Amino acid sequence: MKEEECVLDVRGLSVQVQSHQGWTPVVDDVSFQIKAGQVLGIVGESGCGKSMTSLAILGLLPAAARLSQGSIALKGQELTTMKPAQLRRIRGQELSLIMQNPMTAFNPLVTIGTQFAETLFAHQNMTRKQASTHASTCLKQMNLHEPERILKQFPFELSGGMLQRVMIALSLSLNPSLLIADEPTTALDSINRRNVVDAFRAIKKEAKTAILLVSHDLNVIEKVADVVAVMKKGQLVEMAATHDLLTSPQNEYTQLLWNSRLTLGSRHEQESI
Ligand SMILES: Nc1ncnc2c1ncn2[C@@H]1O[C@H](COP(=O)(O)OP(=O)(O)OP(=O)(O)O)[C@@H](O)[C@H]1O
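Please read all numbers here as calculations on a predicted model, not as lab measurements. (Residues numbered from 1 in each chain as written. Predicted model: local features only at pLDDT ≥ 70, side-chain atom pairs only at ≥ 80, totals over all residues. Heavy atoms only, no water.)

1. Topic: the overall build of the protein chain
So the rule is basically this: Under the scheme used here, helices are H or I runs from DSSP no shorter than 4 residues and strands are E runs no shorter than 2 residues, and both carry numbers assigned from the N terminus. The globule rule is 2.2 Å times the number of residues to the power 0.38, and the radius of gyration it is compared with is taken over C-alpha atoms. Between buried and exposed lies partly exposed: a residue is buried under 20% and exposed over 50% of the maximum accessible area for its type, with that area taken using a 1.4 Å probe on protein chains only. Residue contacts are defined here by distance: any two heavy atoms, one from each residue, within 4.5 Å place the two residues in contact. In this tally Asp and Glu are treated as negative and Lys and Arg as positive; neither His nor the chain ends contributes. Taken as the charge location is NZ of Lys, CZ of Arg, CG of Asp or CD of Glu.
If you tally the helices and strands in the protein chain, you get eleven helices and ten strands. Taken over the C-alpha trace, the protein chain has a radius of gyration of 19 Å; the compact-globule value for 273 residues is 19 Å, and the two agree within 12%. Reported as C-alpha extents along the three principal axes, the dimensions of the protein chain are approximately 55 × 50 × 45 Å. Across the 273 residues that make up the protein chain, the buried fraction comes to 47%. Expressed as a percentage of contacts within the protein chain between residues at least 6 apart in sequence, the contacts between residues at least 24 apart total 67%. Placing the 27 positive and 26 negative side-chain charges of the protein chain at their respective mean positions leaves the two points 5 Å apart.

2. Some details on the site of the ligand
Filter applied, for reference: Any residue with at least one heavy atom within 4 Å of a molecule or strand is counted as near it. Definition of a polar contact: a pair of N or O atoms within 3.5 Å, with one able to donate and the other able to accept a hydrogen when the atoms are protein atoms, and with sequence-neighbouring residues admitted only if both atoms are side-chain atoms.
Taken together, Val17, Val26, Glu45, Ser46, Gly47, Cys48, Gly49, Lys50, Ser51, Met52, Pro62 and Ala64 make up the full set of residues adjacent to the ligand. One of the backbone nitrogen or oxygen atoms of Met52 is found 2.9 Å away from an oxygen atom of the ligand.

3. Considering the packing of aromatic side chains
The condition is simple: Think of it this way: a Phe, Tyr or Trp ring, Trp meaning its six-membered ring, pairs with another when their centres are within 6.5 Å, and the plane angle makes it stacked under 30 degrees, edge-to-face over 60, tilted otherwise.
Counted by the stated rule, this structure contains one aromatic pair. Between Phe154 and Phe156 the ring centres are 6.0 Å apart and the planes differ by 15 degrees, which places this aromatic pair in the stacked class. Overall, Phe154 belongs to the partly exposed group, its relative accessible area being 28%.

4. What to know about the packing of helix 3 (residues 112–123) against helix 6 (residues 160–172)
To characterise two packed helices, one gives the angle between the axes of the helices and the distance between these axes. For the record, the criterion: Here the axes come from fitting lines to C-alpha atoms, over the contacting stretch only for helices, and the angles between their N-to-C directions go from 0 to 180 degrees. Oblique is the label for any angle not covered by the other classes, which are roughly parallel (under 35 degrees), roughly antiparallel (over 145) and roughly perpendicular (65 to 115). Handedness of a helix crossing follows the sense of rotation of the near helix relative to the far helix, less than a right angle counterclockwise being left-handed and clockwise being right-handed. All residues other than Ala, Val, Leu, Ile, Met, Phe, Trp, Tyr, Cys, Pro, Asp, Glu, Lys and Arg, Gly among them, are scored as polar; the first ten of these are nonpolar and the last four charged.
It is the contact of helix 3 with helix 6, at a shortest axis distance of 11 Å, that shows an interaxial angle of 20 degrees. When the axis of helix 3 is compared with that of helix 6, the two are roughly parallel. Considering how the two elements wind past one another, helix 3 and helix 6 form a crossing that is right-handed. From helix 3, Ile112, Gln115, Phe116 and Thr119 reach across to helix 6, where they touch Leu163, Val166, Ala169 and Leu170. Classifying every residue of the contact of helix 3 with helix 6 by side-chain character gives six nonpolar, two polar and no charged.

5. Some words on the pairing of strand 2 (residues 22–35)
Worth spelling out the cut-off: Paired strands, as defined in this entry, are two strands with at least two bridges between them according to DSSP.
With ten bridges joining them, strand 1 (residues 6–19) and strand 2 adopt antiparallel strand pairing. Directly across from Gln18, in strand 2, lies its bridge partner Trp23.

6. Here we look at the nonpolar core
Put simply, the rule is: Each nonpolar core is a collection of buried residues, namely Ala, Val, Leu, Ile, Met, Phe, Trp, Tyr and Cys, held together in the definition by side-chain atoms within 4.5 Å.
Of all hydrophobic cores here, the largest spans 43 residues; its most connected members are Ile112, Phe116, Val166, Ile168 and Phe200. By residue number, the principal contributor to this core is helix 6, which donates seven residues. Not counting chain neighbours up to four residues away, the residues in contact with Phe116 comprise Ala135, Cys138, Leu139, Leu151, Val166, Ala169, Leu170 and Ser173.

7. A few points about the UniProt feature "domain: ABC transporter" (unreviewed entry) in the protein chain
The following threshold applies: UniProt positions are given in the numbering used here, feature names are shortened, and annotations may be inferred rather than shown by experiment.
Within this numbering scheme, the UniProt entry marks residues 10–258 as carrying the feature "domain: ABC transporter" (unreviewed entry). End C-alpha to end C-alpha, residues 10–258 measures 25 Å, and it is 40% helix and 27% strand.

8. Considerations on unusual backbone geometry
Positive phi, close to 45 degrees, is recorded for Lys75, a residue that is not glycine. Note that Lys75 resides in the loop between strand 4 (65–74) and strand 5 (77–78). With phi around 45 degrees, Lys233 is a residue other than glycine that occupies positive phi space. On the secondary structure map, Lys233 appears in the loop between strand 9 (227–232) and strand 10 (235–241).

Below you can see the structure in the form of structure tokens.
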């Protein structure tokens, strides 16, 4: 089988934030790669640096944070030294972000169809009709029925779970090389969580998109990720194929994480996604 292309290559990434003691490391010498069509899950307790890692890749670190060292290459292109305008273009087209709360990602005053059209017109040469057909196809891929009706609706007319799948469809409409999903299921109930998990599985099957999935929900990670990276206090303590990490975690902290999932997550919850 042909070796899949490496889409994202992160090497020695370190991020610091400004505190009373000066610049303090919150991501420390983190390295990983994601290939086309592969899902890398990042797990770890709150504050371990998962979001800072994804924000650094997006070039969207908050004002109080800085990238202190490391390299981030997207399909061989170094992002850390890129001019802001070029990075913005790449962020629109090649790099997509899905956040925890889709409501904040949409303009509440315009229909879903208009949001698709604005995204597609900004990056691709399409007629209104072509944009509408493409948007319907993307919605159908996310298992959203009656796409034509959805395109005429406003964000507040859709449930949180539907809106999250619309967000994923919108993110995929430009066929990005890398999709970063930061806690995409956290705000959802178990049925909508299962729908979003199914949506990610569909992407894996059909698209060549590489996915970085940040989640504290180990059940979602188990169902979707091919490889899991475990972070603790800014460092990557273990990284392995999901099945290997599940069946024989090497690091004590990983064992603790898996054990707490088995203790805390009810069997019903685990089976429902
Ligand atoms: N805007 C900010 N300014 C300064 N420090 C921040 C900021 N955002 C996060 N931090 C700090 O950076 C560290 C890493 O935070 P990060 O948000 O990456 O953690 P996380 O693993 O994503 O946590 P969670 O699962 O709770 O979202 C934490 O110590 C946090 O307090």
